[in-house]
Amino acid sequence: MSTQVPALLDGLVDDAAVFPPGSAPLPDAVAAHRRHRASWYADLVGPLLVPASRLPELAALLDAGEEIEVGVIGDVPVARLDEALAGVDPRIRVRQAEAAVAKRGEDPLPGLPELVGLARRANRAGAPAAGGLAVYAEVPLTFGLMGALDALAAARAEGLPVAAKFRTGGLAAELFPTPAELAAVICGCRDRGLPFKLTAGLHEAVRHLDPETGFTHHGFANVLAATLAAAEGAGVERVAELLTATDPRPLVQRVEGALAAPRPLWVGFGSCSILEPLTDLIRLGLVNGGFDA
């Protein structure tokens, strides 16, 4: 068996080491990211996620001639994101920018034009990131959600590289969408041909109860199986069933048959640990652990 990460898992896990709950110092995160990118499981790892305000600090940590691929998280207003992206050190290759368009409970539609405009400006001819910057709008699971997805789909129809991002956890129970809610979002993106990312809460492969917080977390293997089913035309009810599963066997069975093909719809998720999801994938037999057999 090859040690290569299967195509289905390529770039599944963005390196969110500097964000909670890990909150690693940026120098440590950069050093660890170098190790991940040089490892046998490098294909599993997406870009290093960095707050926009810390891009100058990141540049100072790079060795001469070193390049690094990053995703920029908008911790500044969208107008200042333009400035941050325009002034980024050329050794920092910004692959994606992500920002929230509204707070929980707010209508996301009014905030979308700013991010769509950012995508248009960043990808115009002559821009520093021309043709290579994906922009993710973090949309709250609230009223106006489907209208926001329509707006993003319309922007994609113009040729703009925009997509959606959703939270699947956090520090409060209400930040964890139900399986039915998440299934509706996945199917909504499927119906619009809209890629999406997820963030927060996906700490383990299979749906589980966290004994410390009492919160039930979604599993990333559940999401993977559910997304595959949605891409094949499954309805919300079937997708929700897969998100609810706590037995890994039906999830692995669904995923194993698709390992050789690129992942549909779901771009991936950020994790403050790369080794934890990798370990889960090895335990489930979806990655062979780096050993040739």
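Residues numbered from 1 in each chain as written. Predicted model: local features only at pLDDT ≥ 70, side-chain atom pairs only at ≥ 80, totals over all residues. Heavy atoms only, no water.

**What about the pattern of salt bridges?**
Part 1: Overall, the coordinates contain 18 salt bridges when judged by the stated rule.
Part 2: Arg95 is the partner of Glu69 in a salt bridge, and the nearest nitrogen-oxygen pair spans 2.8 Å. Here Arg95 lies in strand E4 (residues 92-100) and Glu69 lies in strand E3 (residues 68-73), a separation of 26 residues in the sequence.
Part 3: Judged by its relative accessible area of 27%, Glu69 falls in the partly exposed class.
Part 4: Across the pair Arg254 and Glu232 runs a salt bridge whose closest N-O atoms are separated by 2.6 Å. Of the two residues, Arg254 sits in helix H9 (residues 248-256) while Glu232 sits in the loop between helix H7 (220-231) and helix H8 (236-244), which places them 22 residues apart along the sequence.
Part 5: A relative accessible area of 60% places Glu232 in the exposed class.
Part 6: Each member of the salt-bridge network shares a partner with another, and the members are Asp14, Glu98, Glu138, Lys165, Arg167 and Lys197. (Salt bridge = Lys/Arg side-chain N within 4 Å of Asp/Glu carboxyl O. Helix = DSSP H or I, 4+ residues; strand = E, 2+ residues; numbered from the N terminus. Buried < 20%, exposed > 50% of the residue type's maximum accessible area, 1.4 Å probe, protein only.)

**Description of the nonpolar core**
Part 1: Core analysis: the largest hydrophobic core is formed by 94 residues, its most contacted members being Leu58, Ile92, Phe166 and Trp266.
Part 2: In terms of residue count, H7 provides more of this core than any other element does, nine residues in total.
Part 3: Apart from residues no more than four positions distant in its own chain, Phe166 is found in contact with Val139, Leu141, Leu145, Leu149, Val185, Cys189, Phe196, Lys197, Leu198 and Thr199. (Core = buried A, V, L, I, M, F, W, Y, C linked by side-chain atoms within 4.5 Å. Contact = heavy atoms within 4.5 Å.)

**Brief notes about the packing of helix H6 (residues 179-192) against H7**
To describe two helices that pack against each other, one gives the angle between their axes and the distance between the axes.
Part 1: H7 packs onto H6 with a crossing angle of 40° between their chain directions and a minimal axis gap of 10 Å. As far as their axial angle goes, H7 and H6 are oblique. For the pair H6 and H7, the sense of crossing is right-handed. Judged by residue contacts, Leu182, Ile186, Cys187 and Arg190 of H6 engage Val223, Ala226, Thr227, Ala230 and Ala231 from H7.
Part 2: Grouping the constituent residues of the contact of H6 with H7 by class yields seven nonpolar, one polar and one charged. (Axes fitted to C-alpha atoms, helices over the stretch in contact; angles between N-to-C directions. Parallel < 35°, antiparallel > 145°, perpendicular 65-115°, else oblique. Left-handed = near helix turned anticlockwise from the far one by under 90°. Nonpolar A, V, L, I, M, F, W, Y, C, P; charged D, E, K, R; others polar.)

**Structural notes on the pairing of strand E6 (residues 162-167)**
Part 1: The buried fraction of E6 amounts to five of the six residues, a majority that puts the element mostly inside the structure.
Part 2: With helix H5 (residues 145-157) bridging strand E5 (residues 134-138) and its parallel neighbour E6, the resulting β-α-β unit is right-handed.
Part 3: Pairing between E6 and strand E7 (residues 196-199): four bridges, direction parallel. Opposite Ala164, over in E7, you have Phe196 as the bridge partner.
Part 4: In this fold, the crossover linking E6 to E7 by way of H6 has right-handed handedness. (Right-handed = clockwise from strand over helix to strand, strands pointing away. Pairing = 2+ DSSP bridges.)

**Remarks on the sheet that holds strand E10 (residues 266-271)**
Part 1: The strand order around the closed barrel built from eight strands is E1-E2-E3-E4-E5-E6-E7-E10, with neighbouring strands paired in parallel fashion. On average, each strand axis in the sheet is tilted by 30° relative to the strand beside it, whichever way the strands run.
Part 2: As paired elements, strand E1 (residues 13-15) and E10 share three bridges and run parallel to each other. Considered in E10, the bridge of Val13 is made with Phe269.
Part 3: Running over the sheet, H7 touches E7 and E10 and is turned about 175° from E10.

**Quick word on empty space enclosed by the protein**
Part 1: Summed over the entire model, instances satisfying the criterion amount to one cavity of 30 Å³ or more.
Part 2: Estimated volume of the largest cavity: approximately 30 Å³.
Part 3: Split into classes, the residues belonging to the lining of the largest cavity amount to nine nonpolar, no polar and no charged. (1 Å grid on protein atoms, 1.4 Å probe; cavity = no way out; pocket = protein on both sides within 12 Å on 5 of 7 lines; lining within 4 Å. Points joined across faces, edges and corners; volume = space filled by probe spheres on them.)

**Structural notes on unusual backbone geometry**
Part 1: Of note, the amide linkage connecting Pro20 to Pro21 takes the cis form, showing an omega dihedral of 5°.
Part 2: Assignment of secondary structure puts Pro21 in the loop between E1 and helix H1 (26-37).
Part 3: With a phi angle near 50°, Ser23 is a residue other than glycine that sits in the positive phi range.
Part 4: Mapped onto the elements of the fold, Ser23 is located in the loop between E1 and H1.
Part 5: A positive phi is found at Leu265, a non-glycine position, where the angle reads about 65°.
Part 6: Within the element layout of this structure, Leu265 appears in the loop between H9 and E10.
Part 7: Overall, Leu265 belongs to the buried group, its relative accessible area being 19%.

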